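Listed below are the residues making up each chain.
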Amino acid sequence: MNFGLETQYSFLIAIVIIVGLLLFSRAFLKLVTFYKTSFWTQLQSSTLMRYQIFFSIFALLLVLILTSIATAQPRWGIKTITTEKNAADILFVLDVSKSMQALDMSIKNKALDRLTAAKLLISDMVNKHPENNYGLVVFAGDAFVLSPITFDVNSFVDILTTASSKDVAIQGTDVAKALSVALSRFNTVLSESKEDVENSKAIVLISDGGEDMNNEIFALIQEAKTKHIPIYTLGIGDSKGVPIPEGQDAF
């Protein structure tokens, strides 16, 4: 058996006992003052009164003992087990620009926009591998972390479903900004072996494109190589292109 109350707080038990005794003493003195000398006379002559006082003292002591035990937080049968979780940190980088609203995807003959299809794809990947830790960066003309890397898969999926084109005010497809934000989430030690990092960290970029490669993107790719963080890219949408819905259909 051990106790949950830390040693430096053991004085709380003494405080509980002292407060209890003071309250009882105060009540007893008031009772004696009220009856004055007749109190002791009645105490000697009344067996019932003696029993009442005896049980009152007994009840008080019992309360003090039980309260002290509760304050000490006794614990039985606690066993600490240390386990290792071989989980990978996977950061999804999701394009939420307006072009992702194009309706050129379908599931079971049901038309879907690119963003919805991408979120369903991510959800499916996460549900098939719940042992990993997941995070989410959304981007368009700017980028920010919508969900930090977390082991709470259900929370991650809930946040993922809320991702929309309204999350980023600046429109466009700034892949460089997105990769920069994503790489900043990994504080990788350069001395780590390539095999260890590749098996534990990854960036998954999902976009319908729209930006040509430039020196900034190449520099970020090189940074990812230096940190041994693989970047997987998934293109989504019809290569032929389709109109992007604007506004809301009144019908």
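Before any of the text, the structure's been laid out above.
Residues numbered from 1 in each chain as written. Predicted model: local features only at pLDDT ≥ 70, side-chain atom pairs only at ≥ 80, totals over all residues. Heavy atoms only, no water.

A. Focus on the overall build of the protein. When you go through the protein residue by residue, the secondary structure sums to 8 helices and 9 strands. When burial is assessed residue by residue, the protein has 33% of its 251 residues classed as buried. Considering only contacts in the protein between residues 6 or more positions apart, those separated by 24 or more positions represent 74%. About 16500 Å² of surface is accessible on the protein, with carbon and sulfur atoms providing 59% of the total. (Helix = DSSP H or I, 4+ residues; strand = E, 2+ residues; numbered from the N terminus. Buried < 20%, exposed > 50% of the residue type's maximum accessible area, 1.4 Å probe, protein only. Contact = heavy atoms within 4.5 Å. Areas by Shrake-Rupley, 256 points an atom, 1.4 Å probe, with all protein chains shown as cover.)

B. The arrangement of the packing of aromatic side chains in detail. Tallying each qualifying case throughout the model produces 3 aromatic pairs. Note on Phe92 and Tyr134: the rings are 5.9 Å apart at their centroids and 20 degrees apart in plane angle, and the pair reads as stacked. Pair noted here: Phe92 is in strand β3 (residues 89-95) and Tyr134 is in strand β6 (residues 133-139), with a separation of 42 residues, a long-range link. Each member of the pair, Phe92 together with Tyr134, is buried. Ring geometry for Tyr134 versus Phe156: centroids 5.8 Å apart, planes at 35 degrees, classification tilted. Note that Tyr134 is positioned in strand β6 and Phe156 in helix α5 (residues 153-162), a separation of 22 residues in sequence. Here the two residues Tyr134 and Phe156 agree in accessibility, since each one is buried. Of the aromatic side chains, those joined through ring pairs into one cluster are Phe92, Tyr134 and Phe156. (Phe/Tyr/Trp six-rings, centres within 6.5 Å; stacked < 30°, edge-to-face > 60°.)

C. Molecular detail of the nonpolar core. Residues Phe92, Leu94, Ile122, Val126, Phe156 and Ile206 are the most contacted members of the largest nonpolar core, which totals 24 residues. Residue assignment for this core shows that the elements contributing at least two residues are β3, α4 (114-128), β6, α5 and β8 (201-207). Top element by residues in this core is α4. It accounts for 5 residues. Apart from residues no more than four positions distant in its own chain, Ile206 is found in contact with Phe92, Val93, Leu94, Asp95, Ala118, Ile122, Phe139, Leu234 and Ile236. Residues Phe186, Ile203, Ala224 and Ile229 belong to the second largest nonpolar core, which totals 19 residues. (Core = buried A, V, L, I, M, F, W, Y, C linked by side-chain atoms within 4.5 Å.)

D. Representation of unusual backbone geometry within the structure. A positive phi angle, near 60 degrees, is found at His228, a position not held by glycine. Mapped onto the elements, His228 comes out in the loop between α8 (215-226) and β9 (231-235).

E. Looking closely at the pairing of β6. In terms of burial, β6 is a largely internal element, 7 of the 7 residues being buried. Burial along β6 is two-sided: Asn133, Gly135, Val137 and Phe139 facing one way and Tyr134, Leu136 and Val138 facing the other are all buried. Sheet topology note: the β3/β6 ladder contains 7 bridges and is parallel. Among the inter-strand pairings, Val93 is bridged to a residue of β6, identified as Val137. Turn length for the β6-strand β7 (residues 143-150) hairpin, with the two strands adjacent in sequence and antiparallel, is 3 residues. (Pairing = 2+ DSSP bridges.)

F. Geometry of α5. For α5, the complete set of buried residues consists of Val153, Phe156, Val157 and Leu160. In an axial view of α5, the angular spread of the buried residues amounts to 95 degrees, which keeps them on one side of the axis. Turned more than 90 degrees away from the buried face of α5, the exposed residues are Asn154, Asp158 and Thr162. Buried residues belonging to α5 abut β3, α4, β6 and β7. (Arc of directions from axis to C-beta.)

G. Representation of the pairing of β7 in the model. In terms of strand pairing, β6 meets β7 through 5 bridges, oriented antiparallel. Among the inter-strand pairings, Val138 is bridged to a residue of β7, identified as Phe144.

H. The sheet that holds β8, seen in detail. Here we have 5 strands laid out as an open sheet, ordered β7-β6-β3-β8-β9, and mixed in their pairing. Strands with a single pairing partner mark the edges of an open sheet, and in this sheet they are β7 and β9. Sheet twist, expressed as the mean angle between neighbouring strand axes with direction ignored, is 15 degrees. As paired strands, β8 and β9 are joined by 5 bridges and run parallel to one another. Paired with Leu205 across the two strands is Thr233, which belongs to β9. (Axes fitted to C-alpha atoms, helices over the stretch in contact; angles between N-to-C directions.)

Geometric descriptors of this kind do not, in isolation, establish any biological role.
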